[in-house]
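# Notes for the structure review
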Amino acid sequence: MRRPLALAVVLAAGLAAAGDGAAGRSVLAVETAWRGEDGARVSLSKWKGRWYVLSFVYTSCAGSCPLTTKKLLRLDAALQKAGKPLPTVIVSLDPAHDTPAEVAKYRERYGLTGAPRFSVLVGDDEQVRSLSLLLDFRYTRNPESGVILHDNVVYLVAPDGTVRTHMSSLAEPLADFVDAVPAPAPRR
Amino acid sequence: MLSVLAAAVLAASPDGGGAVTLPAGRFAPLFGLDEGQKDFAVAAFRLDVRPVSRAEFAAFLEASPAWRPDSVSRQLAEERYLASSKDAHSPRAPVVDVSYFAAKAYCAWRGQRLPTTLEWEYAAAADEVTRDASGDPAFVQRILDWYSRPSRPGELDLEGSPRNVYGVEALHGLVWEWTSDFNAVFVTADNRQDGEQPAGTMCGAGATGSARREDYAAFMRYALRSSLSARSTLPTLGFRCAGAAR
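First things first, this report covers the structure right here in the doc. Bear in mind the structure is a predicted one, so any value in this text is a computation, not a measurement.

### Considerations on the sheet that holds strand β1 (residues 19–22) of chain B
Residues and elements named next belong to chain B. What the three strands build is an open sheet, ordered β1-β4-β8; its pairing is antiparallel. Each having just a single partner strand, β1 and β8 (242–244) make up the two edges of the open sheet. On average, adjacent strands in this sheet sit at an angle of 30° to one another, irrespective of strand direction. Sheet analysis places strand β4 (residues 45–48) next to β8, joined by three bridges and oriented antiparallel. Within β8, the residue paired with F45 across the bridge is A244. The strands that helix α4 (residues 117–124) touches are β1, β4 and β8; relative to β4, the one it contacts most, it runs at about 70°.

The following block contains the structure:
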């Protein structure tokens, strides 16, 4: 087989994108619509003006999602310890399956029942795809088996909706992420 | 054979809108199948016969000032968004240097959507006489011959582009095209075992293996898609719209 010249172009484009990262991307550049656990409509602009942690899971995931959730719990504890508690917003990758009952079970499994700092948002496939595209977050749902493959990324979102930093692997230590969060202004 | 030809004749009659309905079928894309899974069901859908032209996109910009190059957000399109529109192309040539977000907005403006990767690959596997020619070395080589030619933006000419068995033109040979879920995961069982993927970066129990290792042309398309961001613009990247079957 002849070796196509265009391959070099493809690879070059790949390297450029890989170095790009999610920093500076705004989760508000396209409006996305979700439902909170109380069934009320909610948009990410609800968190505008605040720092928060954003991640994606699906509650029936048996792969690394339990590890992602456990990492979010450890991050929450580390942020608290550093005196910088933040809200954590978890977006469901599987809106058809993640009904309010399933989300409640998920919360119970991880000791998150009634934990107000954590919010689980469920939208529809188009909303998830839109948000994933704003963040360069890759995911695939096999429509027949329901298996979802996805990146494991935890984002730190700044008050203006832009990504300040992110952890792209479960193995990545929490310290840099915690350091990137500004200390809250002293109360008067 | 007769039924294939009959289907081709029926499908090749666009009903005014420059789109054709592709029949439902089953298809094994290069990536995305679970281990042991043979193929996916593809529902019938409509697809534009040709990529969206520069003239068609200009009409959209006329009606949608927010998507003009001087007002679009950098979050939604890179700096060189529509940069090539100043070059002397035929207005019928495919619009390029257009971001995913702009392409999606254009299709929505027409009451349509971008095709999924599965739909696009399903349509693009067809040659002039068969629905799935992706295992035909001559067909694959024809596509690779195009991929191996350096792009000449002045030559984005649709004339002489053959219609495939569904009546769709220029899926190969002119420009790469956006799909609605281009940011799908792109890994194989092999490279996971090789440890190229750092541990813990990816969630998923099933390995997405490659179904047709001989289809190097499809591999290149998946490689290109995985390199894109939704705000990317390339002088060789355009799109066409899809919609519900009628």
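### Some points on the sheet that holds strand β3 (residues 52–57) of chain A
Residues and elements named next belong to chain A. With mixed pairing, five strands are arranged side by side in an open sheet as β5-β4-β3-β8-β9. Strands at the two margins of the open sheet, each flanked by one partner only, are β5 (118–121) and β9 (163–167). The mean inter-strand angle of the sheet, taken between neighbouring strand axes irrespective of direction, is 25°. Looking at chain direction, β3 and strand β4 (residues 88–92) are connected through five bridges and run parallel. Within β4, the position partnered with V53 by the bridge is T88. On the sheet, helix α3 (residues 100–109) packs against β3, β4 and β5 and is oriented at approximately 150° with respect to β5.

### A short note on the pairing of β5(A)
All names here are of chain A. Because side chains alternate across β5, one face comprises the buried residues F118 and V120, and the other comprises S119 and L121, equally buried. Here β4 pairs with β5 via four bridges, running parallel. The residue bridging T88 from the neighbouring strand is F118, located in β5. Following the chain from β4 across α3 to the adjacent parallel β5, one finds a crossover that is right-handed.

### Observations regarding the nonpolar core
General note: in soluble globular proteins, nonpolar side chains tend to be found buried as a group. Formed by 41 residues in total, the largest nonpolar core has its most connected members in F57(B), W67(B), Y81(B), W178(B) and F239(B). Going through the elements one at a time, α4 (125–134) of chain A together with α2 (54–63), α3 (100–109), α5 (137–147) and α7 (216–226) of chain B are the ones with two or more residues in this core. If you tally residues by element for this core, the top one is α3(B), at seven residues. The contact partners of W67(B), leaving out residues within four places of it in the chain, are F60(B), L61(B), V72(B), L76(B), Y81(B), F101(B), A102(B) and A105(B). Formed by 25 residues, the second largest nonpolar core is a distinct cluster that contains L54(A), L93(A), L135(A) and Y155(A).

### So, the packing of aromatic side chains
All names here are of chain B. For the structure shown, the criterion picks out 23 aromatic pairs over all chains. With centroids separated by 5.6 Å and ring planes inclined at 85°, the aromatic side chains of F60 and Y106 adopt a geometry described as edge-to-face. Of this pair, F60 sits in helix α2 while Y106 sits in helix α3, and the two are 46 residues apart along the sequence. With respect to class, F60 is no different from Y106; both count as buried.

Procedures and definitions
- Residues numbered from 1 in each chain as written.
- Chains lettered and ligands numbered in written order.
- Predicted model: local features only at pLDDT ≥ 70, side-chain atom pairs only at ≥ 80, totals over all residues.
- Heavy atoms only, no water.
- Pairing = 2+ DSSP bridges.
- Helix = DSSP H or I, 4+ residues; strand = E, 2+ residues; numbered from the N terminus.
- Axes fitted to C-alpha atoms, helices over the stretch in contact; angles between N-to-C directions.
- Contact = heavy atoms within 4.5 Å.
- Buried < 20%, exposed > 50% of the residue type's maximum accessible area, 1.4 Å probe, protein only.
- Right-handed = clockwise from strand over helix to strand, strands pointing away.
- Core = buried A, V, L, I, M, F, W, Y, C linked by side-chain atoms within 4.5 Å.
- Phe/Tyr/Trp six-rings, centres within 6.5 Å; stacked < 30°, edge-to-face > 60°.

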